[in-house]
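One-letter residues, chain by chain:
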Amino acid sequence: MFRLAVRNITTHRLRLLMTVLTVVLGVAFMAATLVFNATVSKGYQDRATRDNAGVDVAVRATGQAQQNGQPSGLTDTVLAGIRALPGVASARGQVSGDTYVLNRSGDVVGDDSHGANSALGADGTDPDHSFADGRAPQQPGEIALDTHTAAKAGYRVGDTVRVVVDGPVMTERLVGVFTTDPAATAGATYTLFDTPTAQRMFDSPGQYTRIVVKATAGTSDQQLLNEIKPLLGGNSEAVTAAKLISDEKAADASSISTLSNIFLAFALVSLFVGIFLIANTFTMLVAQRTRELALVRAIGATRRQVTRAVQLEALIVGLVSSTSGLALGVLMAGGLHTVLNEVMDAGLPGTDTVVSPGTAAGCLAVGTAVTVLAAWLPGRRASKIPPIAAMNSANATPAQASLRLRNTVGFVITAIGVGLGARGMAIGDAPGGYCIGAGAGLLITALVVLTPLLSGPLLGLLDKPFTRWFGIDGKLATENARRNPRRTASTTAALILGLTLVTAVTVIGTSISSVLAMKTTGSLTADFTVSTINDRPLDSSVTATVASVPGVTAASPIRTGAVESVGDVTGYTVTAVDPAQISQLLTLHYTAGSAAHLNSGLLLTESAAERGHLHAGDSVLVTFADGKQESLVVSGIIEANPLLSHYLMSLQTLAPHMAAQRDDTILVKAATGHARDVQERVKTALHNPLIKLQDHRALQKEVAGGVALLLNMVYGLLGMALIISVLSVVNTMAMSVFERTQEIGMLRAIGMRREGIKRMIRLESIVISLFGSVLGIGVGTFTAWAMGTQFTNSKLLSGYTTQIPWERILLFLVASAAVGAMAAVWPARRAAALNTLHAIKTQ
């Protein structure tokens, strides 16, 4: 049976080509994701190890202190105390933050920009950096750059360099250029300052970000850790080098984990979609080998042996395809790493490609399992072919079993799906969303099951228009599409699934974009906002600069801070504004109370008031991040606003509890009729390439752009599933041409021209594609509407209404027709090239 399976594969290799491509693409997508994730994780591990070479223990701010923006407490006094410990060989204080270097044209050099102090040792040298030219900065006004940044911007030692942290542009003198590991930097920029300057810009003056400690000979990391701990305050902690490297690697890797999980999910979707194509291929192969399989039964093979032979074919095809997919995936992972770094400046660390045994085994197992699973049902059908069938035609298609059981199962699944969806819409909140999602999944499954039943009446609707438009070619195309409902169903299943997801995401994304754009600018009475292109906070001095510009009538920062608790509610952020200015810049919709006492009080959103069981006029105890407490009066209850958090207070209330005063956004109101002129004056006054000024239209465009980016990413990831859909149509049309060889020969014999044969095949493919796209778009739109009912209960998305982007829906239909036409190119050429006499003689 093994030799029979191998012979069948080699004999029918062209018919299995689409199956092979499907598995190769799905496994490649999966392998690329896993290899990319492993490679980047290894790169982060190597970078963390290099960055912490020579460190035995590190002292840093606690996670809570970092989250709340509190000072680390790592002062020169603590540093001196650590240096005095008997187990300490050396200890250096380090300060770090974001610093952007401008080139001579005033543009930012790179996107991933780092700044730090030059932590000098006892001998006055910097052991962390090797200088290719010049020296380390030693006083204010001096900086050093890495060699890559200096060369890219065209700077040499002695030049003046403009840099930006979070305030005005600073002009510094370049006193040194240091080397970096190309694998570690990956295009990032590095800037060094003297320690007091770095502390002033990145932390509170006199504070270090961390202190790195090296132990004396004979002192273990744990012993050193125990010596240091008694010197530390509540906002700092000591960790070993192993713990430090592990934490840094995890923090870096988390930045790509979500993206990797999304890639992996869509890879699995592609493989799932491929099941339909593989099952369709083996079903048609079994149908076309009826006589051959019957002869095998006639010479003594049992049903189980026939089933095993088909499964063995699938196993061999799956292994070969999965191996090829794994190899392609490794190449794709390397390409993805290069594209993200070279094109998008992602700053991913460089390292050798990592292909673990687990990744290889997993990809081979999944690809092979999918192929074998998809071929299981066709294998069972093959075993039921009786030996007497050996007397029949080789290409005779066996009679199709009744669809009664299949339709019954489909209707039962539909009823369960509709019931779950209705239940979810009734209960709302997160559980309701889960019910709707499960119901949508069941409806998609039911649709695939019921497609043979739906194909007759729905494809019948195309009969008259296609006959009218394309004559006998159109008539034959629709009839051929209706001839085998099961095959049509399995062919369109991939297209249905892909377009259901695409349509649902498109409708939901368009609707959310509309409501967010309305909410973002609907309550904004300011003429424009001031923020940074990298979403980093602004120095508090920027607000004063903006307010001093002629023509600015009101300006208020939006400042975010952390609180430990508001009453019984813990772990929330608060927003602070200028109470004297905010009413001119932002319209707040009150459901109770007012802003009359905001100077010393608090405004809450409806959901926050509900969580804390608070009402206007109540007093609530607020515990700030620094541990201090104040009793504030709830001045009013407001509707949720996308520009604000759930808790709103005055700047003067929050400021004493923040170590560094940083603003997220500044709202600006200009003199009537002079908004554009004032915006230009503010831009000139700030003279900072990191600053962006946005009016209402720009803010709406940014919101829409964020949703569009998400949609484009989904389209790109679902592209693999859609490619498999195209292969499914190609595969079906090719098999259909083979089955109908004699029929095509008869059509040629009675006068149909080759071009007519081509057009008939193309139209049949288009009909099948349009049928699948209509079903997918319909279910996707319904799913989006059902999910949208949950958004209407959200305070942030209140006013949400389902908006159908008809122009995109039309584009999907046109694209589906184009896919059908392209998928039929090869099968149509093959059909037209058949020799008429040979085709008629085919049995």
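It should be noted that the structure appears before, not after, this text.
Residues numbered from 1 in each chain as written. Predicted model: local features only at pLDDT ≥ 70, side-chain atom pairs only at ≥ 80, totals over all residues. Heavy atoms only, no water.

Chemist: I tried to follow the overall build of the chain on my own but got confused; where do I start?
Modeler: A tally of regular secondary structure across the chain gives 29 helices and 24 strands. Dimensions along the principal axes, computed over C-alpha positions, put the chain at roughly 100 × 65 × 50 Å. For the chain, the proportion of its 843 residues judged to be buried stands at 50%. Here the contacts in the chain between residues at least 6 apart in sequence split such that 83% fall between residues at least 24 apart. Just so you have it, the chain exposes about 37,100 Å², and 60% of that area is on carbon and sulfur atoms. (Helix = DSSP H or I, 4+ residues; strand = E, 2+ residues; numbered from the N terminus. Buried < 20%, exposed > 50% of the residue type's maximum accessible area, 1.4 Å probe, protein only. Contact = heavy atoms within 4.5 Å. Areas by Shrake-Rupley, 256 points an atom, 1.4 Å probe, with all protein chains shown as cover.)

Chemist: Looking at this structure, how should I read the environment of Lys 152?
Modeler: As for its placement among the helices and strands, Lys 152 is situated in helix α5 (residues 147-153). With relative accessibility at 53%, the residue Lys 152 sits in the exposed group. Distance from Lys 152 to Thr 179, taken between C-alpha atoms, is 14 Å for residues 27 residues apart in sequence. Ignoring sequence-local partners within four residues, the contact set of Lys 152 consists of Val 109 and Gly 110.

Chemist: Is there a simple way to think about the pairing of strand β15 (residues 552-566) in this case?
Modeler: For a regular strand, the rule is simple: side chains alternate between the two faces of the sheet. For β15, the buried fraction is high: 12 of the 15 residues fall into the buried class. Here β15 pairs with strand β23 (residues 665-670) via 6 bridges, running antiparallel. Bridged to Val 552 within β23 is Ala 670. As paired strands, β15 and strand β16 (residues 569-577) are joined by 7 bridges and run antiparallel to one another. Looking across to β16, one finds that Ala 562 is bridged to Thr 573. Following β15, the chain reverses through 2 residues before pairing antiparallel with β16; Gly 567 in that reversal takes a positive phi of roughly 65°. The sheet contact formed by β15 and strand β19 (residues 619-624) spans 3 bridges and is antiparallel. Among the inter-strand pairings, Val 566 is bridged to a residue of β19, identified as Val 622. (Pairing = 2+ DSSP bridges.)

Chemist: How should I be thinking about the packing of aromatic side chains in this particular structure?
Modeler: Two numbers describe a pair of aromatic rings. These are the distance of the centres and the angle of the planes. Under the criterion given, the structure shown has 6 aromatic pairs. Seen from their ring centres, Phe 131 and Phe 178 are 5.9 Å apart, and the 65° between their planes marks the pair as edge-to-face. With Phe 131 in strand β6 (residues 130-134) and Phe 178 in strand β9 (residues 170-179), this pair connects stretches of sequence that are 47 residues apart. Where Trp 469 meets Phe 470, the ring centres are 6.4 Å apart and the plane angle is 90°; that geometry is what we call edge-to-face. Residue classification places Phe 470 among the partly exposed positions, given a relative accessible area of 27%. Through a chain of ring-to-ring contacts, three or more aromatic side chains come together here, namely Phe 466, Trp 469 and Phe 470. (Phe/Tyr/Trp six-rings, centres within 6.5 Å; stacked < 30°, edge-to-face > 60°.)

Chemist: How do you make sense of the sheet that holds strand β12 (residues 236-240) when you look at a structure like this?
Modeler: Within a beta sheet, neighbouring strands are joined by backbone hydrogen bonds and run either parallel or antiparallel to one another. Spatially, 4 strands are ordered β2-β11-β1-β12 in an open sheet, and the strand pairing comes out antiparallel. Bordering the open sheet on either side are β2 (88-94) and β12, each of which pairs with just one other strand. Each strand of the sheet is rotated relative to its neighbour by a mean of 20°, with strand direction disregarded. With 6 bridges connecting them, β2 and strand β11 (residues 210-215) associate as antiparallel partners. Its bridge partner being in β11, Gly 93 is matched across the sheet by Ile 211. (Axes fitted to C-alpha atoms, helices over the stretch in contact; angles between N-to-C directions.)

Chemist: So what exactly am I meant to see when it comes to the side chain of Gln 679 here?
Modeler: With respect to the secondary-structure elements, Gln 679 resides in helix α23 (residues 675-686). Look past the residues within four positions of Gln 679 in its chain and what remains in contact with it is Phe 528, Leu 693, Gln 694 and Asp 695.

Chemist: Sorry if this is basic, but what is going on with the packing of helix α16 (residues 463-470) against helix α17 (residues 472-483) here?
Modeler: A pair of packed helices is captured by two measures, namely the crossing angle of their axes and the spacing between those axes. It is the contact of α16 with α17, at a shortest axis distance of 6 Å, that shows an interaxial angle of 150°. With respect to α17, the axis of α16 lies roughly antiparallel. Here Asp 463, Phe 466, Thr 467 and Phe 470 of α16 come into contact with α17, specifically with Ile 472, Asp 473, Gly 474, Lys 475, Thr 478 and Glu 479. Looking at the contact of α16 with α17 residue by residue, the class counts come to 3 nonpolar, 3 polar and 4 charged. (Parallel < 35°, antiparallel > 145°, perpendicular 65-115°, else oblique. Nonpolar A, V, L, I, M, F, W, Y, C, P; charged D, E, K, R; others polar.)

Chemist: What should I look at first to understand the environment of Ala 832 in this one?
Modeler: Within the secondary structure, Ala 832 sits in helix α28 (residues 825-832). Residue class for Ala 832 comes out buried when judged on its relative accessible area of 3%. In this structure the C-alpha to C-alpha distance between Ala 832 and Val 737, which are 95 residues apart in sequence, comes to 9.8 Å. Each residue touching Ala 832, except ones within four places of it in the same chain, is listed here: Arg 754, Ile 757 and Lys 758.

Chemist: I keep staring at a positive patch on the surface and nothing clicks. Help me out?
Modeler: On the surface, a cluster of positive charge is contributed by Arg 303, Arg 380, Arg 381 and Lys 384. Within the secondary structure, Arg 303 sits in helix α11 (residues 303-342). Look at Arg 303 and you get partly exposed, because its relative accessible area is 48%. (Patch = residues over 30% accessible without salt bridge, like charges linked within 9 Å, V, L, I, M, F, W, Y side chains within 5 Å. Salt bridge = Lys/Arg side-chain N within 4 Å of Asp/Glu carboxyl O. Lys, Arg positive; Asp, Glu negative; His and termini not counted. Charge placed at Lys NZ, Arg CZ, Asp CG, Glu CD.)

Chemist: When you look at the pattern of salt bridges in this model, what are you seeing that I'm missing?
Modeler: Oppositely charged side chains can pair when the atoms bearing their charge come close. Applying the stated criterion across every chain, the model contains 17 salt bridges. In this structure, Arg 536 and Asp 98 form a salt bridge, with 3.1 Å as the shortest nitrogen-oxygen distance. Of this pair, Arg 536 sits in the loop between β13 (528-532) and β14 (538-539) while Asp 98 is found in the loop between β3 (96-97) and β4 (100-102), placing the two residues 438 residues apart along the sequence. The partner of Arg 762 in a salt bridge is Glu 755, and the shortest N-O contact between them spans 3.2 Å. With relative accessibility at 27%, the residue Arg 762 sits in the partly exposed group. Each of Arg 60, Glu 237, Lys 243 and Asp 247 takes part in a single network of salt bridges with overlapping partners.

Chemist: So what exactly am I meant to see when it comes to helix α18 (residues 485-522) here?
Modeler: Each turn of an α-helix holds 3.6 residues, which means side chains three or four residues apart point in the same direction. With 38 residues, α18 extends 52 Å between its outermost C-alpha atoms, agreeing within 8% with the 56 Å of an ideal straight helix rising 1.5 Å per residue. Largest kink in α18: about 40°, centred on Thr 492. Counting buried positions along α18 yields 30 of 38 residues, so the element is predominantly enclosed. (Expected span 1.5 Å × (residues − 1). Bend = angle between axes of the 7 residues up to and from the residue.)

Chemist: Even after reading the chapter, I still don't get unusual backbone geometry, so can you show me in this structure?
Modeler: Negative phi values dominate among residues other than glycine, just as trans dominates among peptide bonds. The phi angle at His 613 is positive, at roughly 55°, despite the residue not being glycine. Structurally, the position occupied by His 613 is in the loop between α21 (606-612) and β19. For His 613, a relative accessible area of 67% gives the class exposed. Although it is not a glycine, His 687 adopts a positive phi angle of roughly 45°.

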